[in-house]
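Residue-level structure breakdown
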Amino acid sequence: MPELPEVETVRTGLQKLIIGKTIHAATHDTVRSFPNSPEDAASYMIGASVDSIRRRGKALIIALSSGYSLVVHLKMTGQLVYVGDVRFGAGHPSDSLVGTLPDKSTRVTIEFSDGTKLYFNDQRKFGWMRLMPSVQVADLPFMQRLGPEPLEESFTVADFHERLSRRPRSNIKAVLLDQTVIAGVGNIYADESLWGARIHPKRLTGTLTKSEKELLYKEVRFVMNLSIEKGGSSNQTYVNAEGKKGSYMDFARVFRRENQLCQRCGTVIEKIRVAGRGTHICPTCQQE
DNA sequence: CACTTGACCTGTCCGC
DNA sequence: TGCGGACAGGTCAAGT
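Residues numbered from 1 in each chain as written. Chains lettered and ligands numbered in written order. Predicted model: local features only at pLDDT ≥ 70, side-chain atom pairs only at ≥ 80, totals over all residues. Heavy atoms only, no water.

Of all hydrophobic cores here, the largest spans 31 residues; its most connected members are L14, I18, M45, L80 and I110. The leading source of residues in this core is helix 1 (residues 4-18), at five residues. Beyond its immediate sequence surroundings of up to four residues, M45 is in contact with I23, A26, F34, L64, L70, I110 and L131. If you look at the next biggest cluster of nonpolar residues, it comprises 28 residues, including L164, I182, L194 and V223. (Core = buried A, V, L, I, M, F, W, Y, C linked by side-chain atoms within 4.5 Å. Buried < 20%, exposed > 50% of the residue type's maximum accessible area, 1.4 Å probe, protein only. Helix = DSSP H or I, 4+ residues; strand = E, 2+ residues; numbered from the N terminus. Contact = heavy atoms within 4.5 Å.)

As structure tokens, then:
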């Protein structure tokens, strides 16, 4: 569920909260949280401070002063939540969370030298965090295969055309969800952008007109930028680094709005299944 | 090779 | 109220 806008919101939150802090202790559950990491991952973190936090697609890269980085993928239900210290007094952004974490979904706890903590929680355990030398992060197979960042200036409509043209016989929704085509689009923003471009998610990419693809390119960027502005979407478990929900769902046009009326034409929004996922469409605006 | 489906998990919701 | 089953949807492995 955390897609590009949610992960970006977590990134900017952590940027404000943990840069420069020194790791004092770290605990984690068994191998699941740290696949392929040094067995004593915690000992590689202690004493290091947080240098920078980057995002690539839906992944976060927390670079430490020791030359190691924590690479995190939240998958469906992962959360990275920072909790202050009660000694900081009232007004700290995540005061309300003091005492509520860790809970049974907590997989990793990182404690900073000022007593504040960063929790990696994941109800469904699909997410992962791994520790590796920073110079090797770019060599991770999934990083190498990742498509371009849709919000970067360098990602042009021509790139979008070219990338879609490689998958002419797939339906457009499956292509939007494919991280090797474009990085960061998930189920929410695929549905939202297809509605915006009036394209049925089952349309084969090869049948899209040039103007439809141009519109879709704009819509993908529009919904992602709007969502970042709104702090992301929280339809179930997503929260930002301060444990707060995002408000994009208040603005969503079709996602999770089945049985409500299309704001463009008044038709009842339907939920169907495309590419194995729940998919929301306006059957009038989006003709197959 | 291109493309689709199933598995990984756990909590929630729905119908009986 | 309890219980089985469908569902949620990111990614990769396995299947067609």
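There is more to say, and it comes next.
Moving on to the protein's contact with DNA strand C. Surrounding DNA strand C, one finds 17 residues, the nearest of these being H73, M76, F126, K271 and R277. Between DNA strand C and Q179, the relevant distance is 3.4 Å, taken from a phosphate oxygen to a side-chain nitrogen or oxygen of the residue. Separating a phosphate oxygen of DNA strand C from a side-chain N or O atom of R273 is a distance of 3.0 Å. Within the surface near DNA strand C, the residues separate by chemical class into five nonpolar, four polar and eight charged. (Near = heavy atom within 4 Å. Polar contact = N/O pair within 3.5 Å; in protein donor to acceptor, adjacent residues only side chain to side chain. Nonpolar A, V, L, I, M, F, W, Y, C, P; charged D, E, K, R; others polar.)

A separate point is a positive patch on the surface. A cluster of basic residues, R256, K271, R273 and R277, forms a positive patch on the protein surface. Relative accessible area serves as the criterion here: at 40%, R277 is assigned to the partly exposed category. (Patch = residues over 30% accessible without salt bridge, like charges linked within 9 Å, V, L, I, M, F, W, Y side chains within 5 Å. Areas by Shrake-Rupley, 256 points an atom, 1.4 Å probe, with all protein chains shown as cover. Salt bridge = Lys/Arg side-chain N within 4 Å of Asp/Glu carboxyl O. Lys, Arg positive; Asp, Glu negative; His and termini not counted. Charge placed at Lys NZ, Arg CZ, Asp CG, Glu CD.)

Applying the stated criterion across every chain, the model contains twelve salt bridges. Residue R55 pairs with E8 through a salt bridge whose shortest N-O separation is 2.7 Å. One end of the pair, R55, is in strand 2 (residues 50-56); the other, E8, is in helix 1, with 47 residues separating them in the sequence. Residue R55 shares its accessibility class with E8, and that shared class is buried. R203 is paired through a salt bridge with E212; the nearest N and O atoms lie 2.8 Å apart. Accessibility classification places R203 together with E212 in one group, the buried group. Ionic contacts of the salt-bridge type, sharing partners, join the residues E8, R11, R55, R56 and E149 into one network.

Turning our attention to the packing of aromatic side chains. Scanning the entire structure with this criterion turns up six aromatic pairs. Ring centres of W128 and F142 lie 5.7 Å apart, and the angle between their planes is 85°; this geometry places the pair in the edge-to-face category. Of this pair, W128 sits in strand 8 (residues 128-133) while F142 sits in helix 3 (residues 141-145), and the two are 14 residues apart along the sequence. For W128, a relative accessible area of 16% corresponds to the buried category. With relative accessibility at 27%, the residue F142 sits in the partly exposed group. One aromatic cluster is present, built from ring pairs that chain together F155, F160 and Y217. Stacked on the ring of W195, the Lys or Arg R264 has its end atom at 3.6 Å from the ring centre. (Phe/Tyr/Trp six-rings, centres within 6.5 Å; stacked < 30°, edge-to-face > 60°. Lys NZ or Arg CZ within 6 Å of the ring centre and 35° of its normal.)

On to the side chain of T205. Positionally, T205 belongs in the loop between helix 6 (187-196) and helix 7 (210-229). When near neighbours in sequence (up to four residues on either side) are disregarded, T205 contacts L164, R167, P168, S170, N171, I172 and V175.

In this section: unusual backbone geometry. Phi at N36 is positive, roughly 60°, even though this residue is not glycine. By the element assignment, N36 lies in the loop between strand 1 (23-28) and helix 2 (41-45). Exposure remark for N36: the relative accessible area of 65% places this residue in the exposed category. Phi at K125 is positive, roughly 60°, even though this residue is not glycine. Position of K125 among the secondary structure elements: in the loop between strand 7 (117-122) and strand 8. With relative accessibility at 37%, the residue K125 sits in the partly exposed group.

On to helix 7. Each full turn of the α-helix corresponds to 3.6 residues, which orients residues three or four apart in the same direction. Over its 20 residues, helix 7 extends 29 Å from the first C-alpha to the last, a length consistent with the 28 Å expected when each residue adds 1.5 Å. Buried residues of helix 7: E212, K213, L216, Y217, E219, V220, R221, V223, M224, L226 and S227, and no others. Contacts made by the buried residues of helix 7 are with helix 1, helix 4 (157-165), helix 5 (172-177) and helix 6. Following helix 7 by one or two positions, G231 has its phi on the positive side, about 80°. (Expected span 1.5 Å × (residues − 1).)

Right, let's talk about the pairing of strand 5 (residues 78-83) for a bit. Counting buried residues in strand 5 gives six out of six residues, a clear majority hidden from the surface. Alternating positions in strand 5 separate into two faces, G78, L80 and Y82 on one and Q79, V81 and V83 on the other, with burial throughout.

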